[in-house]
Amino acid sequence: MSSTEASRTLGWIGTGRMGYAMAARLLKAGHPVSVYNRTRAKAEPLAALGAVIVDSPAELADRDIVFTMVSASADFAQVTTGEGGVLQEGRSPRILVDCSTVSSEVSAQVRAEAAKLGTSLLVAPVSGNAKVVKAGKLSLVASGPRETFDEVRDLLETVARAATYAGEGEVARLVKLAHNIFLGVVTQSLAEITVLAEKGGVERAAFLEFLNDSVMGSVFTRYKTPAFVNLDFTPTFTPVLLRKDFDLGLAAARELEVPMPVAALTHQIVQHAVGRGHREEDFAALLLEAAAAAGMTLTPEDVPVSDGLGTS
């Protein structure tokens, strides 16, 4: 870290499962970070890593670079341009980096307001979850001014193993929505074929071991294997959040006149799962609904299986 980089002051807004893990990586790398979270208690453990906990986004307005990681478009608008937001007249960060998955429309509105105050917005949505962050295997895609991306790239590569620049404006939002639609479609397909194999007499652990070692296996299928085998649906990403991303992604598809029949069907399956009460558990619970549709009630196999993630 150069002396110029070391002197930058950083702020962080949002310490849910993802935001907490990402802010922790910056702190562990030696960066000075001041942190705000709506529920202060969720941010306070970061103080042990050197974070300064503040009581409002506005208190971060004098930082050089502020990251945001919130759940929804309305939250992003509130913590930036809302009352007490980080974008303050006469006092605003030089750079705002948003890692949330929110609508392009809201993001563009915040970008315009930020520009009036001399703040450059870089959108940098991520792929992964808190455990992936801790393992050093997060990836992100960014869009906005190229010079802004270049200035903060070292920070992005502190929280993620890979940072891809996609272009100007809001294009990274579309990339992330396309990614999450694919995530939902793949998970639903994985649930269906796993149920097919089990109903034919194959243990889930055996089927997924074969799949993961084949050309069809991936970091994602291996990562979801423990949940599928042992029915541990501790949330990493909920069906409600997945539904939100399908809502946004399919709205973009309508605007761009892109037919997405497989995604549209999966959207309804996710909605069905939410309606059936799968709201706060992990979206891997789609497996339970696939099994129910096949007349099956699954039980944990209680087999030790790897998720494929190391530590970093």
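To start, this report covers the structure provided alongside it. (Residues numbered from 1 in each chain as written. Predicted model: local features only at pLDDT ≥ 70, side-chain atom pairs only at ≥ 80, totals over all residues. Heavy atoms only, no water.)

The subject of this paragraph is the overall build of the protein. Of the regular secondary structure elements, the protein holds 13 helices and 9 strands. Scaling as 2.2 N^0.38, a compact globule of 312 residues should have a C-alpha radius of gyration of about 20 Å, and the protein matches this with 20 Å. Relative to its 312 residues, the protein shows a buried fraction of 51%. For the protein, the proportion of contacts with a sequence separation of at least 24, taken over those separated by at least 6, is 68%. For the protein, the centre of its 29 positive side-chain charges and the centre of its 36 negative side-chain charges are spaced 2 Å apart. (Helix = DSSP H or I, 4+ residues; strand = E, 2+ residues; numbered from the N terminus. Rg over C-alpha atoms; globule rule 2.2 N^0.38 Å. Buried < 20%, exposed > 50% of the residue type's maximum accessible area, 1.4 Å probe, protein only. Contact = heavy atoms within 4.5 Å. Lys, Arg positive; Asp, Glu negative; His and termini not counted. Charge placed at Lys NZ, Arg CZ, Asp CG, Glu CD.)

On to the environment of Ile269. Along the chain, Ile269 falls in helix H12 (residues 261–275). A C-alpha to C-alpha distance of 25 Å links Ile269 and Gly201, two positions 68 residues apart in sequence.

Summed over all chains, the structure comprises 4 aromatic pairs. Between Phe149 and Tyr165, the aromatic rings sit 5.3 Å apart at their centres with planes inclined by 40°, giving tilted as the arrangement. Within this pair, whereas Phe149 is found in helix H7 (residues 146–159), its partner Tyr165 is found in strand E9 (residues 162–167), the two being separated by 16 residues in sequence. Its relative accessible area of 1% is what places Phe149 among the buried residues. Ring centres 5.7 Å apart and planes at 85° place the aromatic pair Phe237 and Phe283 in the edge-to-face group. Taken together, the residues Phe237 in the loop between helix H10 (219–230) and helix H11 (239–256) and Phe283 in the loop between H12 and helix H13 (286–293) connect sequence positions 46 residues apart. Sitting above the plane of the Phe76 ring, Arg173 keeps its charged end 5.7 Å from the centroid. (Phe/Tyr/Trp six-rings, centres within 6.5 Å; stacked < 30°, edge-to-face > 60°. Lys NZ or Arg CZ within 6 Å of the ring centre and 35° of its normal.)

Within a regular strand, the side chains alternate between the two sheet faces. Alternating positions in strand E2 (residues 33–36) separate into two faces, Val33 and Val35 on one and Ser34 and Tyr36 on the other, with burial throughout. Across 4 bridges, strand E1 (residues 10–13) lies against E2 in parallel orientation. Within the sheet, the bridge partner assigned to Leu10 lies in E2 and is Val33. Tracing the backbone out of E1, into helix H2 (residues 17–28) and back to the parallel element E2 gives a crossover that is right-handed. (Pairing = 2+ DSSP bridges. Right-handed = clockwise from strand over helix to strand, strands pointing away.)

Here we take up the side chain of Thr148. One can find Thr148 in helix H7. Within polar-contact distance, the side chain of Thr148 engages the side chain of Ser120 at 2.7 Å. Sequence-distant contacts of Thr148, that is, excluding residues within four places in its chain, are made with Ile95, Ser120 and Leu122. (Polar contact = N/O pair within 3.5 Å; in protein donor to acceptor, adjacent residues only side chain to side chain.)

This next bit is on the side chain of Arg204. Structurally, Arg204 is set in helix H9 (residues 204–212). Residues within four places of Arg204 in sequence aside, it is in contact with Thr194, Glu198, Phe228, Val229, Leu231, Leu287, Leu298, Thr299, Pro300 and Glu301.

Let us look at H9. Within the sequence span of H9, burial applies to Arg204, Ala205, Phe207, Leu208, Leu211 and Asn212. With its buried residues spanning 165° around the axis, H9 presents them on a single face. Structural note: H9 exposes Glu209 and Phe210 on the side pointing more than 90 degrees away from its buried face. On its buried face, H9 sits against helix H8 (171–199), H10 and H13. (Arc of directions from axis to C-beta.)

Put simply, H9 and H10 touch, their axes get as near as 10 Å, and they point 180° apart. Taken together, the axes of H9 and H10 lie roughly antiparallel to each other. Along the contact surface, H9 presents Arg204, Ala205, Leu208 and Asn212, while H10 presents Thr221, Arg222, Thr225, Phe228 and Val229. When grouped by side-chain class, the residues that make up the contact of H9 with H10 number 4 nonpolar, 3 polar and 2 charged. (Axes fitted to C-alpha atoms, helices over the stretch in contact; angles between N-to-C directions. Parallel < 35°, antiparallel > 145°, perpendicular 65-115°, else oblique. Nonpolar A, V, L, I, M, F, W, Y, C, P; charged D, E, K, R; others polar.)

On to the nonpolar core. Judged by nonpolar contacts, the single largest core of 40 residues is most densely connected at Trp12, Met22, Phe67, Val97, Leu140 and Leu156. Counting residues per element, the ones that place at least two in this core are E1, H2, E2, strand E4 (65–68), strand E5 (95–98), helix H6 (130–134), strand E8 (139–143) and H7. For this core, the leading source of residues is H2, giving 7 residues. Discounting residues that sit within four places of it in the chain, Leu156 has contacts with Phe67, Val97, Leu122, Ala124, Leu140, Phe149 and Ala163. Counting 20 residues, the second largest nonpolar core, distinct from the first, contains Ala205, Leu211, Phe233 and Ala285. (Core = buried A, V, L, I, M, F, W, Y, C linked by side-chain atoms within 4.5 Å.)

Let us now look at a nonpolar patch on the surface. On the surface, Leu174, Leu256 and Val258 cluster together into a nonpolar patch covering about 260 Å² of accessible area. As for its placement among the helices and strands, Leu174 is situated in helix H8. Taking the relative accessible area as the measure of exposure, Leu174 reaches 41% and is therefore partly exposed. (Patch = residues over 30% accessible without salt bridge, like charges linked within 9 Å, V, L, I, M, F, W, Y side chains within 5 Å. Areas by Shrake-Rupley, 256 points an atom, 1.4 Å probe, with all protein chains shown as cover. Salt bridge = Lys/Arg side-chain N within 4 Å of Asp/Glu carboxyl O.)

Bringing the packing of H8 against H11 into the picture now. Direction vectors running N to C along H8 and H11 enclose 120°, while the axes themselves pass 9 Å from each other. Here H8 is positioned oblique relative to H11, judged by the angle of their axes. The handedness of the crossing between H8 and H11 is left-handed. Facing Leu174, Leu177, Asn180, Ile181, Gly184 and Val185 of H8, the residues of H11 in contact are Leu242, Asp245, Phe246, Leu248, Gly249, Leu250, Ala252 and Leu256. Class assignment for the residues of the contact of H8 with H11 results in 10 nonpolar, 3 polar and 1 charged. (Left-handed = near helix turned anticlockwise from the far one by under 90°.)

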